[in-house]
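# Reading the structure
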Amino acid sequence: MSNLLFDPIKTQASVTDSVIVGFSGGKDSIVTLDLCVRYFKRVVPFFMYLVPDLEFQERMLKRYEDKYGIEIIRLPHFECSNFLKYGSFTMFDPNVDIVGITDTYEYLRQRTGIHWIAAGERCADSIVRNAMIKQSGSIDYKRGRFYPIAYWNKQEVLQYIKYKKLYLSPEQKKIGFSFRSLAGCELATIKNMYPADYEKILKVYPFAGAAVERFEKYGK
């Protein structure tokens with residue numbers, strides 16, 4: 001693994017000694033958090049959930065809290081407001097206020113007193129992210145964002161996880177990323193691997209079983 005891959009995080013650490021870290025438990029966020037803990041004095045991770053207190057997610061979060069001796073802030077994913085307002089697998093509620101990612105970041109900045117937010121976006125993720133990072137570089141001064149692994153590829157991310165013996169959850173190994181949506185393929189995986197947590201999901205999104213049935217029948 002080239003030492004050049006660590007140049008962005010080293011430069012970012014010269015800008016500030018404190019950082020908020022977006023942590024999903026996915027492979028990119030795992031590496032991002034590990035790098036930030038190594039290079040910044042104060043690190044405050046946050047985790048956005050679709051349903052609170054899912055046991056398989058809490059096990060993963062507790063594991064990393066214990067590893068680094070830090071507390072991970074739990075808060076609702078901003079997309080939940082859209083799900084609840086417009087009725088994604090639940091009854092719609094027009095009284096729900098829409099929350100955006102900017103609102104979430106502002107809340108975290110006010111709560112922690114930290115301006116800079118690090119996230120695991122990589123140029124190789126998509127054309128959109130490649131264009132975004134090419135425009136700003138690995139330090140986005142305008143948005144107050146860091147991208148420590150902006151120029152890493154998937155193989156390098158997995159190599160770092162293996163070398164540092166970082167925990168990769170079973171469901172992520174199966175679906176290729178952390179549980180992050182109400183897509184049928186993800187919900188079906190949770191149903192099969194963690195049935196008790198799947199029941200918790202249905203309490204919040206009672207019609208989500210339709211997505212699972214569609215996936216099991218049609219594969220999409």
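Structure first, text after, so check above.
What you see as residue numbers is a count from 1 along each chain, following the sequence as written. Where local features are concerned, this predicted model is filtered to residues with pLDDT of at least 70; where side-chain atom pairs are given and counted, the filter is 80 or more; whole-chain, interface and lining totals use all residues. As a rule here, side-chain values come from all non-hydrogen atoms in the structure, and water together with hydrogens is ignored.

### Here's the deal with the side chain of T189
Relative to the helices and strands, T189 is located in helix α9 (residues 184–193). Only protein chains enter the calculation, and the probe is 1.4 Å; a residue is then buried if its accessible area is under 20% of its type maximum, exposed if over 50%, and partly exposed in between. Judged by relative accessible area, T189 falls into the buried class, the value being 6%. Working rule for contacts: check all heavy atoms of both residues, and any pair within 4.5 Å makes them a contact. When near neighbours in sequence (up to four residues on either side) are disregarded, T189 contacts E171, K174, I175 and Y194. Where helices and strands are cited, they refer to DSSP runs of H or I of at least four residues and of E of at least two residues respectively, numbered from the N terminus.

### With respect to the nonpolar core
The term nonpolar core refers to a set of buried residues drawn from Ala, Val, Leu, Ile, Met, Phe, Trp, Tyr and Cys, joined through side-chain atoms within 4.5 Å. Residues V19, F23, V31, L35, C36, Y64 and W152 are the most contacted members of the largest nonpolar core, which totals 31 residues. Counting residues per element, the ones that place at least two in this core are β1 (18–22), α2 (27–39), β2 (42–49), α3 (55–68) and α7 (154–164). A per-element tally of this core places α2 first, with 5 residues. When near neighbours in sequence (up to four residues on either side) are disregarded, Y64 contacts F23, I30, I70, I72, L166 and Y167.

### Things to note about the state of the cysteines
Any pair of cysteine sulfurs within 2.5 Å is marked as a disulfide. By the definition in use, this model includes 0 disulfides. Cysteine C36 remains unbridged, with the sulfur of C123 as its closest cysteine sulfur at 17 Å. According to the relative accessible area criterion, C123 is buried, its value standing at 16%.

### Considering the packing of α9 against helix α10 (residues 195–204)
Under this scheme, a helix contributes an axis fitted over its contacting stretch, all axes are lines through C-alpha atoms, and angles between N-to-C directions fall in the 0 to 180 degree range. The contact between α9 and α10 brings their axes to 5 Å, and the two run at 130°. As judged from the angle between their axes, α9 and α10 are oblique. Across the interface between the two elements, L187, I190, K191, N192 and M193 from α9 touch P195, D197, Y198 and I201 from α10. Basically, the charged four are Asp, Glu, Lys and Arg, the nonpolar ten are Ala, Val, Leu, Ile, Met, Phe, Trp, Tyr, Cys and Pro, and anything else, Gly included, counts as polar. Each residue belonging to the contact of α9 with α10 can be placed in one class, and the counts come to 6 nonpolar, 1 polar and 2 charged. Roughly parallel refers to an angle under 35 degrees, roughly antiparallel to one over 145, roughly perpendicular to one between 65 and 115, and oblique to any angle outside these ranges.

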